[in-house]
Amino acid sequence: MIFLTYVFSDIHGCYGQYKTMLEKIRFGPSDSLYILGDVIDRGPDGVKILQDMMGRPNVFPILGNHELTAALCLPWLLKEITHESLAELDGITLAALGDWLENGGEPTLKAIRQLSREEQAELLSYIRDMELYAEVEVQGRSFVLVHAGLDHFEPDKPLDEYDLEDFLYARPDADSAYWPEKTVVLGHTPTRLLSGQDKILSKGTMIRIDCGCNFGGPLGCLCLDTMEEFYVEANR
């Protein structure tokens, strides 16, 4: 039996596309799936997707900037509002909250408020435990899986020495490259902004898989074993 490794990113609350993709690739319990961040926000069902991921031990989440913002805001937002909790509200939390709401966090916050306290705690713990990157070997090829790329890149710098923000907010241009011997798979920047098309963009040792899900584009998925591309269009 062949066990396969898949990657997709930036689902942004599109639960229907997420579930259809799992069916399309016939994702099984012995396969592996890496989701490169930004599961939540903008679309209505990011929390529902996270809860589905939580029940799948072969799904490996990578932290995105939207999950980071949620993790910064939720501990305060889920408290009972008291004089003491209001006194704890500092400028960093206020800025993060404003950024979250401005960037589509309202559907996520609404869904989280409907969960039980236990479910909220489990969800927050799951987000906090997300890795910043993954290194995988597939068919003799080395891959580095990250949300956005790598800011302040240095060829000999170990990955665990980069700052959190370096993984979450990078915007490498279409001709960027990191290592000649490692292929970097990333999301964060919709490929239409780089190529004009809502398709997976492979160039050199960089593969970009954010195809604009929730912006009218499809959810894209890449099989690292075969390099086959899969797409689920919006409104399905």
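Conventions used here
Residues numbered from 1 in each chain as written. Predicted model: local features only at pLDDT ≥ 70, side-chain atom pairs only at ≥ 80, totals over all residues. Heavy atoms only, no water. Salt bridge = Lys/Arg side-chain N within 4 Å of Asp/Glu carboxyl O. Helix = DSSP H or I, 4+ residues; strand = E, 2+ residues; numbered from the N terminus. Buried < 20%, exposed > 50% of the residue type's maximum accessible area, 1.4 Å probe, protein only. Pairing = 2+ DSSP bridges. Axes fitted to C-alpha atoms, helices over the stretch in contact; angles between N-to-C directions. Contact = heavy atoms within 4.5 Å. Core = buried A, V, L, I, M, F, W, Y, C linked by side-chain atoms within 4.5 Å. Phe/Tyr/Trp six-rings, centres within 6.5 Å; stacked < 30°, edge-to-face > 60°. Lys NZ or Arg CZ within 6 Å of the ring centre and 35° of its normal. Polar contact = N/O pair within 3.5 Å; in protein donor to acceptor, adjacent residues only side chain to side chain.

**Structural notes on the pattern of salt bridges**
Within the structure shown, the criterion is met by 5 salt bridges. Lys203 serves as the salt-bridge partner of Asp175, at 2.4 Å between the closest nitrogen and oxygen. You can see Asp175 sitting in the loop between helix H8 (164-168) and strand S6 (183-186) and its partner Lys203 sitting in strand S7 (residues 201-203), a full 28 residues away along the chain. Take Asp175: its relative accessible area is 58%, and that puts it in the exposed class. We classify Lys203 as partly exposed; its relative accessible area is 40%. What emerges from the salt-bridge pattern is a single network uniting Lys19, Asp52 and Arg56.

**Observations concerning the sheet that holds strand S3 (residues 59-61)**
Taken together, 5 strands build an open sheet; the order of strands is S3-S2-S1-S9-S10 and the sheet is mixed. Looking along the sheet, the strands with just one partner apiece sit at the ends: S3 and strand S10 (229-232). Looking at each pair of strands side by side, their axes are set apart by 20° on average, direction ignored. Inspection of the sheet shows strand S2 (residues 32-35) paired to S3 by 3 bridges, in the parallel sense. Residue pairing across strands places Ile35 opposite Pro61, the latter belonging to S3. Against the sheet, helix H1 (residues 15-24) contacts strand S1 (5-8), S2, strand S9 (219-223) and S10, and its axis sits at roughly 140° relative to S10.

**Here's the deal with the pairing of S1**
Of the two faces of S1, the one carrying Thr5 and Val7 and the one carrying Tyr6 and Phe8 are both buried. The sheet contact formed by S1 and S2 spans 4 bridges and is parallel. Note on S2: the bridge partner recorded for Thr5 is Ser32. The pairing of S1 with S9 spans 2 bridges and is classified as antiparallel. Considered in S9, the bridge of Val7 is made with Leu222.

**Describing the nonpolar core**
Among the nonpolar cores identified, the biggest contains 59 residues, and Tyr6, Phe8, Ile11, Tyr18, Ile35, Leu50 and Met53 are the most heavily contacted of them. In terms of residues, this core owes the most to one element, helix H3 (residues 65-77), which gives 7 residues. Once residues lying within four places of it in the same chain are set aside, the contact partners of Tyr18 are Phe8, Ile11, Ile35, Ile49, Asp52, Met53, Arg56 and Leu219. Leu36, Ala134, Val185 and Tyr231 belong to the second-largest nonpolar core, a separate cluster that totals 17 residues.

**What about the environment of Leu193?**
Structurally, Leu193 can be placed in helix H9 (residues 192-195). The exposure class assigned to Leu193 is exposed, which follows from its relative accessible area of 63%. Leu193 sits 42 residues away from Asp151 along the chain, and the two C-alpha atoms are 19 Å apart.

**As for unusual backbone geometry**
A negative phi angle is the norm for most residues apart from glycine, just as the trans form is the norm for most peptide bonds. Despite not being glycine, Arg42 has its phi angle at roughly 70°, a positive value. Inspection of the secondary structure assignment puts Arg42 in the loop between S2 and helix H2 (46-54). We classify Arg42 as partly exposed; its relative accessible area is 31%.

**Section: the packing of aromatic side chains**
Summed over the entire model, instances satisfying the criterion amount to 10 aromatic pairs. Here Tyr178 and Trp179 contribute two aromatic rings whose centre-to-centre distance is 6.1 Å and whose plane-to-plane angle is 55°, an arrangement assigned as tilted. Taking relative accessible area as the criterion, Trp179 reaches 6% and is therefore assigned buried. Pairwise contacts between aromatic rings join Tyr6, Phe27 and Phe230 into one cluster. Over the face of the ring belonging to Tyr162 we find Lys157, whose NZ or CZ atom lies 4.3 Å from the ring centre. Lying over the aromatic face of Tyr231, Lys199 brings its terminal NZ or CZ to 4.3 Å of the ring centre.

**Digging into the side chain of Asp31**
The residue Asp31 is located in the loop between H1 and S2 in this model. Among the polar contacts listed, one links the side chain of Asp31 to the backbone nitrogen of Leu4, at a separation of 2.8 Å. A distance of 2.9 Å separates the side chain of Asp31 from the backbone nitrogen of Gly28, its partner in a polar contact. Excluding residues within four positions of it along the chain, Asp31 makes contact with Ile2, Phe3, Leu4, Tyr6, Arg26 and Asn58.

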